[in-house]
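The primary structure of each chain is shown beneath.
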Amino acid sequence: MDSAILDLKRVDAYLGTHLKGYRGPLEAKKFEVGQSNPTFELKTPENSYVLRRKPPGVLLKSAHAVDREFRVQSALADSDVPVPKMLLLCEDDDVIGSAFYVMEHLDGRTFLEPTMLGERTETRTAIIDEMNRVLAALHKVDIDSVGLSDYGPPGSYFERQIGRWTKQFRASETTQIPDMDALIEALTNATPKDDGQRTLVHGDYRIDNLMFEKQGTRCLGVLDWELSTIGHPFADLAAVIMQWQMPPGKEGRGLAGIDRSSLGLPSDQAFIDQYCERRDLPGIDNFGFYLAFNFFRMAAILQGVYKRALDGNASDPKRAQIFGSYVPKFAQRGLTALGRG
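Now for a quick tour of the structure. Throughout, a residue's number is its position along its own chain's written sequence, starting from 1. Given that the model is predicted, a residue must reach a pLDDT of at least 70 before its local features are reported, and side-chain atom pairs must reach 80 or more before they are shown or counted; all residues, however, enter totals for whole chains, interfaces and linings. Neither water nor hydrogens contribute to the side-chain values; these are computed over all heavy atoms in the structure.

### Quick word on the overall build of the chain
Cut-off, in case you're wondering: By definition, any uninterrupted DSSP run of H or I lasting at least four residues is a helix, any uninterrupted run of E lasting at least two residues is a strand, and each is numbered from the N terminus. Values of the radius of gyration come from C-alpha atoms, whereas the globule rule sets the reference at 2.2 Å times the count of residues to the power 0.38. When a residue's accessible area, from a 1.4 Å probe over protein chains only, is under 20% of the maximum for its type it is buried; when over 50% it is exposed; and in between it is partly exposed. It only takes one pair of heavy atoms within 4.5 Å for two residues to be counted as in contact. Under the convention used here, a 1.4 Å probe and the Shrake-Rupley method define accessible areas, while residue burial counts only the protein chains that appear. A residue counts as positive if it is Lys or Arg and as negative if it is Asp or Glu; His and the chain ends are not included. For the purpose of locating charges, the reference atoms are NZ of Lys, CZ of Arg, CG of Asp and CD of Glu.
In terms of regular secondary structure, the chain is built from 12 helices and 9 strands. Here the C-alpha atoms of the chain give a radius of gyration of 20 Å, agreeing with the 20 Å that 2.2 N^0.38 yields for 341 residues. Projecting the C-alpha coordinates of the chain onto the three principal axes gives extents of approximately 55 × 45 × 40 Å. The 341 residues of the chain split such that 52% are buried. Residue pairs at least 24 apart in sequence account for 70% of intrachain contacts in the chain once pairs closer than 6 positions are excluded. Accessible surface, the chain as shown: approximately 15,600 Å² in total, 48% of it carbon and sulfur. In the chain, 41 positive and 47 negative side-chain charges are present, and the distance between their average locations comes to 3 Å.

Okay, structure coming up:
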């Protein structure tokens, strides 16, 4: 365990004072997944917890907001959206060098890829259906009643997000990428009028950010809420479809070229239709825009990860370098989704 990432002595002392029922000694293991906020499993003789913290080093403004992750999951505690129980938020940078929070450790399983190889066909079908159900439930949350009406600013979500991620991309830009420049301009010009839908959005909704029962298909928790805000629900839906358009395997984690029916997996349109039925929507026009937006945002995120690797602040530097090579590819896919590539 990298002591530069997590100071165990300080964490142990802080939890001993602030977390009810906590008793050390403490051990920690860093989870391999996650490029943004380093995440650790904490173990004591009696309990297991999970700690998420901001990464060390100079960070982009508004990025890595673990306090927002803590707030949104706390607000969803009694909703139809499964989340881990939030236990403690520390905003004192002097403790370990940055803000962090501690939550319960869920005893479940995650799937890194939607192919879920090794699972039975009916299990795959049920898990994707559960993924769809939870997504619809997320977008049905009454943001006023759970205290999240101010969790995101008013106005056009897509205009706001395109502006934000353009700035983030420019701040971490290391070389000119013509397709990214073209995609930013095309999205700006193609942004649809605000249709009034304003819901909680996860911001990175995909199967590897969900945890399921070890022996079942029920979702135990939606994880990694760093990009969550109040916005437009179709961004989350299109994020799922974007992921599925990636190649299968460890890096792409998608379904491109896969015979889905043989695996019990739905087509893109079937998943969209199922979601619309759960939300009582007649359908979705101009879905290519929402898909292109997700390719653009992911390209900007990956550029940020790559820049942190160059600066020596990435959670997994070797993998971050690989991610940097994906930025032009995501930009091209975004242009294709808009019919411009």
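### Some remarks on helix α11 (residues 317–324)
Rule in force here: Comment: arc refers to directions from the helix axis out to C-beta atoms.
Looking at α11, one finds that the buried residues are R319, A320, F323 and G324. The buried residues of α11 occupy one face: seen down the axis, they fall within an arc of 150°. Residues of α11 that are buried make contact with α10 (287–311) and α12 (327–337).

### Notes on the pattern of salt bridges
What counts, and what does not: When a carboxyl oxygen of Asp or Glu lies within 4 Å of a side-chain nitrogen of Lys or Arg, that pair is called a salt bridge.
In the structure shown here, the tally under the stated rule is 19 salt bridges. Where R10 meets D7, a salt bridge forms, and the shortest distance between an N and an O atom there is 3.9 Å. Given a relative accessible area of 31%, D7 falls into the partly exposed group. A salt bridge links D204 to R206; the shortest N-O distance between them is 3.8 Å. Here D204 falls in the buried class, since its relative accessible area comes to 14%. Here the salt bridges share partners, and the residues they tie into one network are D204, R206, D208 and R253.

### As for the packing of aromatic side chains
Applied cut-off: Pairing of aromatic side chains requires ring centres within 6.5 Å, counting the rings of Phe and Tyr and the six-membered ring of Trp. Pairs whose planes differ by under 30 degrees are stacked, by over 60 edge-to-face, and all others tilted. Definition used: whenever NZ (Lys) or CZ (Arg) falls within 6 Å of the ring centre and also within 35 degrees of the ring normal, the charge is taken to sit over that ring.
Tallied over the full model, the rule gives 14 aromatic pairs. Ring centres of F70 and Y101 lie 6.0 Å apart, and the angle between their planes is 65°; on these two criteria the pair is classed as edge-to-face. With a gap of 31 residues between them, F70 in helix α2 (residues 66–75) and Y101 in strand β5 (residues 100–104) connect regions that are remote in the sequence. Relative to Y290, the ring of F158 has its centre 5.4 Å away and its plane inclined at 45°; by these criteria the two rings are tilted. In this pair, F158 is assigned in helix α5 (residues 157–172) and Y290 in helix α10, connecting sequence segments 132 residues apart. Assigned by exposure class, F158 and Y290 land together as buried. Ring pairing ties together the aromatic residues Y157, F158, F234, F287, F289, Y290 and F293, which thus form one cluster. The ring centre of Y151 lies 3.9 Å from the NZ or CZ of R68, which sits over that ring.

### Remarks on the sheet that holds strand β4 (residues 86–90)
In plain terms, the rule: When DSSP finds at least two bridges between two strands, those strands are taken to pair. Axes, fitted as lines to C-alpha atoms, cover a helix only where it is in contact. Angles between the N-to-C directions of the axes lie from 0 to 180 degrees.
Pairing in this open sheet of 5 strands is antiparallel, and the strands run β1-β2-β3-β5-β4 from one edge to the other. This sheet does not close on itself; its edge strands, each paired only once, are β1 (27–30) and β4. Between one strand and the next, the sheet's axes are offset by a mean angle of 25°, whatever the strand orientation. Where β1 lies against strand β2 (residues 39–43), 4 bridges are found, and the strand directions are antiparallel. The residue of β2 that forms the bridge with E27 is K43. Of the strands in this sheet, β1, β2, β3 (48–53), β4 and β5 are in contact with helix α1 (residues 8–18), which crosses β4 at around 115°.

### A few points about the packing of α5 against α10
Keep this limit in mind: Roughly parallel covers angles under 35 degrees, roughly antiparallel covers those over 145, roughly perpendicular covers 65 to 115, and oblique covers all other angles. Crossing handedness: left-handed means the near helix sits turned counterclockwise from the far one by under a right angle, and right-handed means the same turn made clockwise. Residue polarity is assigned by list, with Asp, Glu, Lys and Arg as charged and Ala, Val, Leu, Ile, Met, Phe, Trp, Tyr, Cys and Pro as nonpolar; anything else, Gly included, falls into the polar class.
In contact at an axis separation of 9 Å, α5 and α10 are set at 25° when each is read in the N-to-C sense. Taken together, the axes of α5 and α10 lie roughly parallel to each other. Both α5 and α10 take part in a crossing whose hand is left-handed. Two secondary-structure elements touch here, α5 through Y157, F158, Q161, I162, W165, T166, F169 and S172 and α10 through F289, Y290, F293, F296, R297, A300, I301, Q303, G304 and K307. Grouping the constituent residues of the contact of α5 with α10 by class yields 11 nonpolar, 5 polar and 2 charged.

### What about empty space enclosed by the protein?
Any empty space left between the atoms is revealed when a probe the size of a water molecule rolls over them. Applicable threshold: Grid spacing is 1 Å over the protein atoms alone, the probe is 1.4 Å, and a cavity is where that probe fits but cannot get out, while a pocket is an open set with protein on both sides within 12 Å along at least five of seven lines and lining residues have an atom within 4 Å of a point. Grid points are joined across faces, edges and corners, and a volume is the space filled by probe spheres set on the points.
Considering all chains together, one arrives at 1 cavity of 30 Å³ or more under this definition. If you add up the space inside the largest cavity, you get close to 40 Å³. Around the largest cavity, the lining residues are G203, D204, A239, M242, N294, R297, M298 and I301. Among the elements of the structure, α7 (233–244) and α10 are those that each provide at least two residues to the lining of the largest cavity. For the lining of the largest cavity, the element with the highest residue contribution is α10, accounting for 4 residues. Counted by class, the lining of the largest cavity contains 4 nonpolar, 2 polar and 2 charged residues.

### Describing the side chain of Q161
Relative to the helices and strands, Q161 is located in helix α5. Residue Q161 is classed as buried on the basis of its relative accessible area, which comes to 5%. Not counting residues within four places of it along the chain, the set of residues in contact with Q161 comprises F293, F296 and R297.

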